[in-house]
Amino acid sequence: MRYDVIVVGAGLGGLTCAALLTQKGLRVLVLDKDLHPGGTSYVFQRGAYKFPMGPLSFSYPGYVSSLLASLGLKEPLEFQRNHFQLIAGDLDLVYSVTPKTLQQELAKKFPREADGLETFFQELEKAIKLVHDIYLWHPDYLPEKLSPLQEKVVQSEYSESRKTRILSWSHAFSGDVLRKYLKNKLLVNFLGSMGTGEPVMSFLTLAVMWNIMSVEGIWYPSWGIQGISDRLAEIIRAGGGGLWLGMPVKRIVVENGQARGIMTADDGFIGADWIVSNADFKTTFLELIESAAVPGEFLERVRNTPYTGSELCVYLGVEAEKIDLSQMRATHLFYCARPGQTEETEPRTDGLNLESKEIEVCRWTDNEPGQAPPGYVGLILRVGFDYDHFARFRTGEKKRAPEYRAYKTELALKLVRVVENIIPGLSGAIELMEVATPLTYQDWGHRYQGSIAGWSWGADWTGNFGRKLLVETPVRNLLTVGIYAASELFMGGVPTAMRTGELAARLILENKI
C-alpha cells in the first residue's frame, strides 16, 4: 500500500502531525523502533515504581490544551504548576515567580545590586512582553511560504520597531547585558542561566527562557505526559492511520532530490508522497539519508552545529520517613554545593568533583503520587555529562563494556552523597535505584550522542540555520518535526515538538489541496 504520508518516529511531534492528518482523511503510517508511542514522552516501570523517560513537565499549557481539543479530545485536562528552586552557595530562592517578585527577592539578598537589578529587569520585561507569542507572528518561526492568514498576521504584528528590537536582542550576548548592570558573579550567572553556569545565550533567547519560567510557568498535565502520547496514538488508529511500533526505519529514500519513501529494517520499501521525520536532525541527515541526496553546505551545517549535551540521571525509590525534605521548597530543586569551583582530581571517577556541578533534584511523585508505593517517594537526580565521558563503554547498540555497570553505579552513589547535603538521610533510605547515562539516551531514547534538549542554546549557534523553524528541509517533500525541528525551544520542549507537528501537517494539507 502506498501512503500519503509516512512519519518516521512516534515522538510527540510525529504523533501530533499524524493525528491532524488522519483527521483530514489522509493515508498516514507512523513507524517507531519502540514498543510504545511518544518516544521519551513516556514512563517506564522498575519494581513498584514508574519514572519518566524524558520530560518532567512543560510550558504553554493553554496551547497544548487547545491543540488537543481541536483533535476532538473532550476529556478534562487539568494542570498542576511545578515550581523551581536554586540552592547555590549562600543563594536559596524559589525563582518560578513573576519577574517583579523575583527582582524584589534578589534585591533583598543583594542590596548593593538593587539599582542594577531594577534596570536589568525593566529591559528583560520589555523583551518578555515581545517574545511571549513570537512564534505566531515572526517569520523565522513560521513556514517559509506563509498561508494567507499567516501573511496577514505577519503584516499586522511584525512592525519595523519590533524587527529592530528583536534583531538587536538576538545579537546582544546576555552575559554582556547582565554585566553592564550587575557586579556579583553568582547573580549574573543565575539570571543568565537560571542556575550557576556562565551565560551563553543571546538576550533574546534569555527572554524566551524567562518568559517560559516566570510568565507562562511550567506545568504537569493530569493525564500524565504519557497520557498525551497514548491519546494521540488512539486518534491516529481511530482515523484509520497505521501505527507500527517495534518497526525501525533503516533509510529514508530520496530520488532526484525528493523523498519517495522509506526502507524498513528488513529492507522492505514503503512509498509515500511525503516523509515526516521525527528522528532528531543529525540522525535524519547524517544516518537515515544518503549524503549525496543532501546539499553539501546544508549537510556541513548540520554536522558542525552542536546539540545540547547529555546527562547522568538517577531514579530513586525512597522510604519517605527516613529522609528530610524540608530544604526542598519546590518540586524541582537545582543544587550546587560549590558554585564556581573547578573540578579536582579524584581516583576512580576520572577526576570528577560533583560538588562543583549543578544537580537537579525532582520530587517526581509530587506530580504522580500513584507511581510509588504507599510510604515511599520517587526522586530523580540529574546532572549534565558529556557523551564522550561514557563513549568508551559502548561496544555496540545497547551493548556495554563489562565495567560499565559498576562505573555508573559508583557515580550515582557519589551523586546521592552530594545531594544528601540538602536531603539528609537519603543514602540510607533508598529501596530502588536505576541509572541512565548518555548511552541510555542514545540507545533507548534514540538521541544523537544522547543529546537531551535540542540544539545548542549558545548565542554563537542559535542563528546558524538563519531561521528558528527547521520543519522545511532542502529535500523536497521531506519535513522534520520534534524539538530538533527548531533551532531553539521557543515554547519549551513538549509544546515546541507539538507546534512543529502542527505546522508540518498544515504544510502538507496546503500542498495537497
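Here the structure is a predicted model, which means the values were calculated and not measured.

Reading guide: rules and limits
Residues numbered from 1 in each chain as written. Predicted model: local features only at pLDDT ≥ 70, side-chain atom pairs only at ≥ 80, totals over all residues. Heavy atoms only, no water. Phe/Tyr/Trp six-rings, centres within 6.5 Å; stacked < 30°, edge-to-face > 60°. Helix = DSSP H or I, 4+ residues; strand = E, 2+ residues; numbered from the N terminus. Buried < 20%, exposed > 50% of the residue type's maximum accessible area, 1.4 Å probe, protein only. Pairing = 2+ DSSP bridges. Axes fitted to C-alpha atoms, helices over the stretch in contact; angles between N-to-C directions. Contact = heavy atoms within 4.5 Å. Expected span 1.5 Å × (residues − 1). Salt bridge = Lys/Arg side-chain N within 4 Å of Asp/Glu carboxyl O. Arc of directions from axis to C-beta. Core = buried A, V, L, I, M, F, W, Y, C linked by side-chain atoms within 4.5 Å. pLDDT = per-residue confidence, 0-100. Parallel < 35°, antiparallel > 145°, perpendicular 65-115°, else oblique. Left-handed = near helix turned anticlockwise from the far one by under 90°. Nonpolar A, V, L, I, M, F, W, Y, C, P; charged D, E, K, R; others polar.

Overview of the packing of aromatic side chains
Enumeration according to the criterion identifies 34 aromatic pairs in this entry. Considering the side-chain rings of Phe285 and Phe298, the 5.1 Å spacing of their centres and the 80° angle between planes classify their relative orientation as edge-to-face. With a gap of 13 residues between them, Phe285 in helix H12 (residues 281-288) and Phe298 in helix H13 (residues 296-304) connect regions that are remote in the sequence. Neither residue differs from the other here; Phe285 and Phe298 are each classed as buried.

A word on the sheet that holds strand S19 (residues 430-436)
The strand order across the open sheet formed by 7 strands is S7-S6-S14-S15-S16-S13-S19, and the pairing between neighbours is mixed. With one partner strand each, in any of the chains shown, strand S7 (91-94) and S19 form the two edges of the open sheet. Across the sheet, the mean angle from the axis of one strand to that of its neighbour is 15°, orientation sign disregarded. Alignment of strand S13 (residues 310-319) against strand S16 (residues 376-385), held across 10 bridges, turns out to be antiparallel. Its bridge partner lying in S16, Leu312 is registered against Val383. Its contacts with the sheet put helix H16 (residues 404-419) on S13, strand S14 (332-336), strand S15 (359-363), S16 and S19, and the angle it makes with S19 is roughly 120°.

Topic: H16
Side chains that are three or four residues apart share a direction in an α-helix, a result of its 3.6 residues per turn. Compared with the 22 Å implied by 1.5 Å per residue over 16 residues, the 23 Å span of H16 between its first and last C-alpha is a close match. Turning to H16, its buried residues are Tyr404, Tyr407, Lys408, Leu411, Ala412, Lys414, Leu415, Val416, Val418 and Val419.

Concerning the pattern of salt bridges
Opposite charge on two side chains allows them to pair when their charged atoms are near. Per the counting criterion, the structure on display carries 22 salt bridges. Close ionic contact of Lys108 with Glu105 constitutes a salt bridge, the shortest N to O distance being 3.7 Å. Here Lys108 and its partner Glu105 are both found in helix H3 (residues 99-109), 3 residues apart, which amounts to about one turn of the helix. Its relative accessible area of 29% is what places Glu105 among the partly exposed residues. Residues Lys468 and Glu488 are paired through a salt bridge, measuring 3.5 Å at the closest nitrogen-oxygen approach. Taken together, the residues span a long stretch of sequence, with Lys468 in the loop between helix H18 (438-443) and strand S20 (478-480) and Glu488 in the loop between S20 and helix H19 (493-512) at a distance of 20 residues.

Observations regarding H13
Looking at H13, one finds that the buried residues are Phe298, Leu299 and Val302. Projected down its long axis, H13 shows its buried positions confined to an angular sector of 100°, all on one face. Buried-residue contacts for H13 involve H12.

What about the pairing of strand S11 (residues 258-264)?
Of all 7 residues in S11, 6 are buried, a share of seventy percent or more. Sheet topology places strand S10 (residues 249-255) next to S11; 6 bridges connect them, and they run antiparallel. When the bridges of S11 are listed, Arg251 appears paired with Met263. Where S10 hands over to S11, the hairpin turn is made up of 2 residues, of which Asn256 adopts a positive phi near 55°. Where S11 meets strand S12 (residues 269-277), 3 bridges bridge the pair, whose relative direction is antiparallel. By the bridge assignment for S12, Met263 is matched with Phe269. Where S11 folds back on S12, the antiparallel hairpin that results is connected by 4 residues, among which Asp267 adopts a positive phi of roughly 70°.

Some details on the nonpolar core
If you look at the biggest cluster of nonpolar residues, it comprises 142 residues, and the most contacted ones within it are Tyr95, Leu191 and Trp210. In contact with Tyr95, other than residues within four places in its own chain, are Phe84, Gln85, Leu86, Leu102, Phe190, Met194, Trp210, Met213, Ser214 and Phe334. Core analysis: the next-biggest nonpolar cluster, separate from the first, contains 36 residues, Ile87, Val377, Val418 and Val435 among them.

What to know about the confidence of the model for the protein chain
Confidence in the prediction of the protein chain, expressed as mean pLDDT, is 94, and 97% of residues score 70 or more. Within the model, the stretch residues 343-349 combines pLDDT values under 50 with 19 contacts to residues more than four positions away or in other chains.

Points about the environment of Phe110
Residue placement: Phe110 occurs in the loop between H3 and helix H4 (114-131). Here Phe110 falls in the buried class, since its relative accessible area comes to 14%. Placed 170 residues apart in sequence, Phe110 and Asp280 show a C-alpha to C-alpha distance of 42 Å. Setting aside residues no more than four positions away along its own chain, Phe110 makes contact with Leu91, Leu117, Asn184 and Leu187.

What to know about the environment of Gly175
Turning to its location among the elements, Gly175 is positioned in helix H8 (residues 174-181). Gly175 sits 163 residues away from Leu12 along the chain, and the two C-alpha atoms are 33 Å apart.

Examining unusual backbone geometry
Here the phi dihedral of Asn256 falls at roughly 55°; this positive angle occurs in a residue that is not glycine. The backbone phi angle of His446 is positive, close to 60°, even though this residue is not glycine. Residue class for His446 comes out partly exposed when judged on its relative accessible area of 24%.

Observations regarding the packing of H4 against helix H7 (residues 160-171)
Two elements in contact, H4 and H7, have axes separated by 11 Å at closest approach and are oriented at 120°. Put simply, H4 runs oblique to H7. In the packing of H4 onto H7, the handedness of the crossing is left-handed. Of the residues in H7, those in contact with Glu123, Lys126, Ala127 and Leu130 of H4 are Arg162, Arg165, Ile166 and Trp169. The residue makeup of the contact of H4 with H7, split by class, is 4 nonpolar, no polar and 4 charged.

A look at the packing of H3 against H4
Geometrically, a packed helix pair is captured by the angle between its two axes and the distance between the axes. At their nearest, the axes of H3 and H4 sit 10 Å apart, and the two run at 165° to each other. As judged from the angle between their axes, H3 and H4 are roughly antiparallel. As for how H3 packs across H4, the hand of that crossing is right-handed. Residues Pro99, Lys100, Leu102, Gln103, Leu106 and Ala107 of H3 touch H4, and the partners they reach there are Ala114, Leu117, Glu118, Phe121, Glu125 and Ile128.

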